[in-house]
Amino acid sequence: MLGKTIQALGTRPVGVIGIGKMGENIAKNLVAAGHEVSMFDIDKANVDRVAAENPSKMTSAGSVVEVAEACHSVITMLPNDKVLNNVCHDSGLIETLSKAHEDSVHISCSTVSPYTSRELSEAHEKASGGSSKYVAAPVFARPDGLALQQASFTMSSACSDAMAFATALLEPSNGKVFPFGSDPGAGNVTKLCGNFLIATTIESLAESLALAEANGVDRVAVKDMLTSTIFDCLIYKGYGQRVSERDHQPGGFALELGLKDVSLVLDTAHKSGVAMPFGSVMKDNFTAAMSKGREGLDWSALALHASENAGVDVSEAIKESAKGLPDHLKPEAAAERRRGHWV
């Protein structure tokens, strides 16, 4: 049945739920590929703004149910497991997709626990008698990379036809799809492995450059040499620039999401019987950074603690990086709000 749906990709609107920086770019890329898009987010003003850019192809929906009724395929790009579960269950995504369409596909691009994906896959099957399918397709990309169609999706699903459909939908306009088989959680495991490596790269860059600086060696020059020779790759270059220059302006991936992802890594490791001692250190370091009010900065701000531990005053770098933040997310205000109110 989904084979016919693939052939009809261009004739049906696609739903996108979660119109943050990532979801906005997914929606725009789909429109550029010729699709009509129905969008929903709790920030309706932001959705209306995006829809106004191309009103003939993009519509602002009033609810999750409205999107699911109009679209047989829905992409979710949400911040965490709790929000994804709320959208699927409390807000009616699974129930509506199951009732409104003979065949439907939910593609989750969120970074969530593999256990969440496995549970949601079963929930889709149970609610629809097998006609509604779930595909995990977490995305590797910052918003600017996604806008340039340079994303990588680590995809898995219990249904091979649903994977083929999701690949045909995402790959032409958003980036490259890497299939990881029939375990609905496999794509999420792969994404957590990748984000863990990025987090530990930020940490190792921070410590190495703190060592260079403490010995009077220019930290930016060290980064330039290393990233043009033995560490000549995207992650070392991109985060090397941010760490070496202490440029942690928001706009890519927030530090609070780094804590969320490392926590997911450790939870998955615990349930899998895998020891990850670096993971425990990373979680402590992210927690310390959150306690200092740095949640709204880019997650590369994790690196600041290595400089602080070496006796370097990073207050000016923090002030400069926080310029674009609203007042309640600036480090001093965020730290005060966090004090005694961890959730």
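Please read all numbers here as calculations on a predicted model, not as lab measurements.

### Some remarks on the packing of aromatic side chains
Under the criterion given, the structure shown has four aromatic pairs. Seen in terms of ring centroids, Y239 and W299 are 6.3 Å apart; in terms of plane orientation they differ by 80°. Their pairing is edge-to-face. Taken as a pair, Y239 in helix α12 (residues 234–245) and W299 in the loop between α14 (277–291) and α15 (304–309) lie far apart in primary sequence, 60 residues in all. Considered together, Y239 and W299 belong to a single accessibility category, that of buried residues. With a centroid separation of 6.2 Å and an interplanar angle of 15°, the aromatic rings of F286 and W299 are classed as stacked. Within this pair, whereas F286 is found in helix α14, its partner W299 is found in the loop between α14 and α15, the two being separated by 13 residues in sequence. An identical accessibility class is assigned to F286 and W299; each is buried.

### Digging into the UniProt feature "domain: 3-hydroxyisobutyrate dehydrogenase-like NAD-binding" (unreviewed entry) in the protein
Under the local residue numbering, the UniProt record ascribes the feature "domain: 3-hydroxyisobutyrate dehydrogenase-like NAD-binding" (unreviewed entry) to residues 185–303. Secondary structure over residues 185–303 splits into 70% helix and 0% strand, and the C-alpha atoms at its two ends are 30 Å apart.

### A word on the side chain of R246
By secondary structure assignment, the location of R246 is in the loop between α12 and α13 (255–272). There is a polar contact of 2.6 Å between the side chain of R246 and the side chain of E213. A distance of 3.0 Å separates polar atoms of two side chains, one belonging to R246 and the other to S307. When near neighbours in sequence (up to four residues on either side) are disregarded, R246 contacts E213, R219, L304, S307, V312, V314, A317 and S321.

What counts, and where the lines are drawn
Residues numbered from 1 in each chain as written. Predicted model: local features only at pLDDT ≥ 70, side-chain atom pairs only at ≥ 80, totals over all residues. Heavy atoms only, no water. Phe/Tyr/Trp six-rings, centres within 6.5 Å; stacked < 30°, edge-to-face > 60°. Helix = DSSP H or I, 4+ residues; strand = E, 2+ residues; numbered from the N terminus. Buried < 20%, exposed > 50% of the residue type's maximum accessible area, 1.4 Å probe, protein only. UniProt positions renumbered as here; feature names shortened; annotations may be inferred. Polar contact = N/O pair within 3.5 Å; in protein donor to acceptor, adjacent residues only side chain to side chain. Contact = heavy atoms within 4.5 Å.

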